[in-house]
Amino acid sequence: MATDAAAPAAEAPPAPAAADQDINPWSVQGGVDENGEVVAIDYKAISKKWSTSLIDDALLERFERVTGHKPHRWLRRGLFFSHRDFDRILTRYEHGDPFFLYTGRGPSTGSLHLGHTIPLQFTKWLQDVFDVPLVFMLTDDEKALFKEGLAFEDTLQYAMENARDIIALGYDQKKTFIYSDLKYLSNHFLMNAWEFSRLVTFNQVRGAFGFDGSSNIGKIFFPSVQCVAGFATSYPEIWSDTPSNVRTKEIAKIDCLIPMGIDQDPYFRLLRDNSHRMRYPSPKPALIHSKFLTALQGAGGKMSSSNPNSAIFMTDSGKQIKNKINKHAFSGGRATLEEHRELGGNPDVDVSYIYLTYFEEDDAKLAKIYDSYKKGEMLTGELKKLAIEVLQANVEEFQERRKAVTDEVLASFMKPRRLQWGGNPNPKPKPVPEPKKDKEVKAGEKDLPERQKK
Ligand code: TYM
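Here the structure is a predicted model, which is why all the values come from computation and not from measurement. Note that residues are indexed from 1 along each chain, following the sequence as it is written. Reporting in this predicted model follows two pLDDT cut-offs: at least 70 for local features of residues, and 80 or more for side-chain atom pairs to be given and counted; totals over whole chains, interfaces and linings ignore these cut-offs and use all residues. Side-chain numbers come from the whole structure's heavy atoms, not from hydrogens or water.

Draft legend 1. The arrangement of the packing of aromatic side chains in detail. When two rings of Phe, Tyr or Trp (its six-membered ring) have centres within 6.5 Å they constitute a pair, described as stacked for plane angles under 30 degrees, edge-to-face for angles over 60, and tilted for the intermediate range. Evaluation of the coordinates by the stated rule reveals 39 aromatic pairs. A centroid spacing of 3.8 Å and a plane angle of 20° characterise the contact between Phe80 and Phe122, whose relative ring orientation is stacked. Taken together, the residues span a long stretch of sequence, with Phe80 in strand S4 (residues 80-84) and Phe122 in helix H5 (residues 117-130) at a distance of 42 residues. The residues Phe80 and Phe122 share a single accessibility class, namely buried. Members of the aromatic cluster, each reached through a chain of ring pairs, are Trp26, Tyr102, Phe146, Phe209, Phe211, Phe222, Tyr267 and Phe268. Working rule: Lys NZ or Arg CZ, within 6 Å of ring centre, within 35 degrees of ring normal, means a charge sits over the ring. For the cation-ring pair, Arg269 lies above Trp50, with the distance from its terminal atom to the ring centre recorded as 4.6 Å. Per the convention used, a helix needs a DSSP run of H or I reaching at least four residues, while a strand needs a run of E reaching at least two, with both numbered from the N terminus. Only protein chains enter the calculation, and the probe is 1.4 Å; a residue is then buried if its accessible area is under 20% of its type maximum, exposed if over 50%, and partly exposed in between.

Encoded structure:
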């Protein structure tokens, strides 16, 4: 008879599988460690994986030197953390060369959440600093293609509601064109989208976005649409009162800067890989990427419309904000008051503190809160109260501004028209290029600037 000792050991529960973080334009999921715990999103890892450049002090110093503006607190605090060719945009600005801003929103619900407002508020700030045109795409086509159960009529209606939210963020009407894909796409824009689709194979979009044989064909074409919005030739009317009815080489040369959450980067890698292959080549658009405003539940997730408990919506009342923070905001505080006083809290994982890093302007005040919470002097309830006050003020101000967005105001932003902007008021002349060594230089011409030589 088999003894107990010889009996096969009861089967151990399977070890939870560790998993890598998964970030794509439609969902964001932090990694999972060996204990099955969700871990915070690793932004350095995603930047490395996608070969973006991290924003460093040297770039911020250059920004300040070139624009004369102190970098936004989200740049100073590393919340906008990564870029592609942002330095080239600074050079363009420095010399007064034209460029425009492009960003967007996928209208999957009638209201923005606080997370969406991060790249959008930042874009408004960039527009103020650079004084350049902005085109704002509402991808009502994308959302109906990708989200089960949404009709095109629904997403079009959400687009109009979202456009009011966007206007309430304070963009300058003279410099801003907002459009719904379902209403605007035609002529030059559509020609660009079709031409771009000819340059990209199914294998490439499958690799970039994970499509398979069962993906509807709208999804497969859509990346063309989101991409070509970064070409100046898609909007002939914003550059001139008498737009040419053909795409031109000159307009194609106008550069573009795209602010976004890092989840949107896969689209724009595709764009950058192909922009020079268009009939009228455009520069590779420059990109600047934000981290995600974390879900109320904390590490490993982003605030998302598909999980209403994770998000503060721009329609929430002061009372709802208070309840959400008090009930759901993950706390870095200790289990008991005594422990907290003795060991201190952990502000780095505390969602109320993280929200303050976004919305509290005063660096010194923020540093004081950090220290005091870490030492256990400030309690979780006190920290939550501070976050509630700052968020309530932000959302209430937004709601007041939104009330002023009448039908006429909405129509004025969405009308295709010539935009008006100033650019750099004091551009520096471009350095004169060195004469090429292998080129024969006529006697006496050696020291003349290149443009004066025959
Ligand atoms: P959408 O509607 O998913 O998101 C709009 C913008 O908000 C960013 N975002 C966030 N940023 C910080 N914290 C969060 N929790 C958070 N959640 C979303 C997104 O990264 C995005 O920048 N396909 C796009 C629309 C689009 C677009 C663009 C976006 C069209 N063209 C150009 C950026 C740039 C979309 O569905 O975004």
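Right, picking up where we left off after that structure.
Draft legend 2. Quick look at unusual backbone geometry. Positive phi is not limited to glycine here, since Ser51 has a value of about 55°. Note on placement: Ser51 falls in the loop between helix H1 (43-49) and strand S3 (53-54). At Asn187, a position not held by glycine, the phi torsion is positive, near 35°. Tracing the chain through its elements places Asn187 in helix H9 (residues 187-199). With a relative accessible area of 61%, Asn187 lands in the exposed category.

Draft legend 3. Summary view of the pairing of strand S6 (residues 134-138). Most of S6 is tucked away, with five of its five residues classed as buried. Covered by surrounding structure in S6 are Leu134, Phe136 and Leu138 together with Val135 and Met137, the residues of both alternating faces. Sheet analysis places strand S5 (residues 99-105) next to S6, joined by five bridges and oriented parallel. Counterpart to Arg105 in the pairing with S6 is Leu138. Any two strands are treated as partners once DSSP identifies two or more bridges connecting them. Of the strand pairs in this sheet, S6 and strand S7 (residues 176-180) are connected by five bridges, and their pairing is parallel. From the neighbouring strand, Met137 faces S7, where its bridge partner is Tyr179.

Draft legend 4. A look at the site of the ligand. Around the ligand, the surrounding shell holds 26 residues, and the nearest of these are Tyr102, Gly106, Glu142, Asp263 and Leu293. Here a nitrogen atom of the ligand and a side-chain polar atom of Glu142 are 2.7 Å apart. One nitrogen or oxygen atom from the side chain of Lys143 is found 3.4 Å from an oxygen atom belonging to the ligand. Summarising the interface, the protein chains cover 99% of the accessible area of the ligand, which totals 680 Å² for the free molecule. Residues are said to line a cavity or pocket when one of their atoms sits within 4 Å of a point; the points come from a 1 Å grid over protein atoms alone, cavities being sets where a 1.4 Å probe fits but cannot get out and pockets being open sets with protein on both sides within 12 Å along at least five of seven lines. By definition, a pocket or cavity contains a molecule when more than half of the molecule's atoms lie within 2 Å of the pocket's grid points. Placement of the ligand is best described as lying within the largest pocket. The set of elements that each furnish at least two residues to the shell around the ligand consists of S5, helix H6 (140-146) and strand S8 (255-261). In this classification, Asp, Glu, Lys and Arg are treated as charged, Ala, Val, Leu, Ile, Met, Phe, Trp, Tyr, Cys and Pro as nonpolar, and every other residue, Gly included, as polar. Classifying every residue of the shell around the ligand gives 10 nonpolar, 10 polar and six charged. For each residue, the test is whether any non-hydrogen atom lies within 4 Å of the molecule or strand; if one does, the residue is near. Whenever two N or O atoms come within 3.5 Å, that pair is a polar contact, provided that in protein one can donate a hydrogen and the other can accept it, and provided that, for residues adjacent in sequence, both atoms are side-chain atoms. The Shrake-Rupley method, run with a 1.4 Å probe sphere, supplies the accessible areas, and residue values consider only the shown protein chains as cover.

Draft legend 5. Focus on the packing of helix H7 (residues 152-168) against helix H19 (residues 380-403). Close contact between H7 and H19 brings their axes to 8 Å; oriented N to C, the two are set at 115°. Considered as vectors, H7 and H19 are oriented roughly perpendicular to each other. Every pair of crossing elements has a handedness; the one defined by H7 and H19 is right-handed. Across from Glu161, Arg164, Asp165 and Ala168 in H7, the residues of H19 making contact are Phe398, Arg401 and Arg402. Partitioning the contact of H7 with H19 into residue classes produces two nonpolar, no polar and five charged. Under this scheme, a helix contributes an axis fitted over its contacting stretch, all axes are lines through C-alpha atoms, and angles between N-to-C directions fall in the 0 to 180 degree range. Note that the term roughly parallel is reserved for angles under 35 degrees, roughly antiparallel for angles over 145, roughly perpendicular for angles of 65 to 115, and oblique for everything else. Handedness of a helix crossing follows the sense of rotation of the near helix relative to the far helix, less than a right angle counterclockwise being left-handed and clockwise being right-handed. We call two residues in contact when some of their heavy atoms are within 4.5 Å.

Draft legend 6. The arrangement of the packing of helix H17 (residues 351-359) against H19 in detail. Closest axis-to-axis distance for the H17/H19 pair is 9 Å, and the angle between their directions is 40°. Comparing the axis directions of H17 and H19 gives the class oblique. Crossing of H17 against H19: the hand is left-handed. On the side of H17, the interface is formed by Ser352, Tyr353, Tyr355, Leu356 and Phe359, while H19 contributes Leu383, Lys384, Leu386, Ala387, Val390, Leu391 and Asn394. Residues belonging to the contact of H17 with H19 are distributed by class as follows: nine nonpolar, two polar and one charged.

Draft legend 7. Expanded view of the environment of Gly332. Within the fold, Gly332 resides in the loop between helix H15 (318-328) and helix H16 (337-343). Residue Gly332 is classed as buried on the basis of its relative accessible area, which comes to 11%. Note: C-alpha distance between Gly332 and Lys428 (96 residues apart in sequence) is 49 Å.

Draft legend 8. Spatial organisation of empty space enclosed by the protein. Grid points are joined across faces, edges and corners, and a volume is the space filled by probe spheres set on the points. Taken as a whole, this structure holds one cavity of 30 Å³ or more when the rule is applied. Asn192, Phe231, Thr233, Arg247, Ala252, Met278, Tyr280 and Ser282 are the residues that line the largest cavity. When grouped by side-chain class, the residues that make up the lining of the largest cavity number four nonpolar, three polar and one charged.

Draft legend 9. Highlighting the sheet that holds S3. Reading across the sheet, the seven strands line up as S3-S4-S9-S8-S5-S6-S7 and stay open at both edges, with mixed pairing between neighbours. Edge strands, defined here as strands with exactly one partner in the open sheet, are S3 and S7. Pairing of S5 with S8 involves three bridges; the strand directions are parallel. Bridge pairing links Phe99 to Asp255 in S8. Here H5 sits on the sheet and contacts S4, S5, S6, S7, S8 and strand S9 (286-290); the angle it forms with S5, its principal contact strand, is near 165°.

Draft legend 10. The arrangement of helix H20 (residues 407-414) in detail. Of all the positions in H20, only Leu410, Phe413 and Met414 are classed as buried. The arc that holds every buried residue of H20, seen down its axis, measures 95°, which confines them to one face. Tucked into the core, H20 has its buried residues touching S6, H7 and S7. Here the arc refers to the set of directions running from the helix axis out to each C-beta atom.

The values reported here are purely geometric and, on their own, carry no functional implication.
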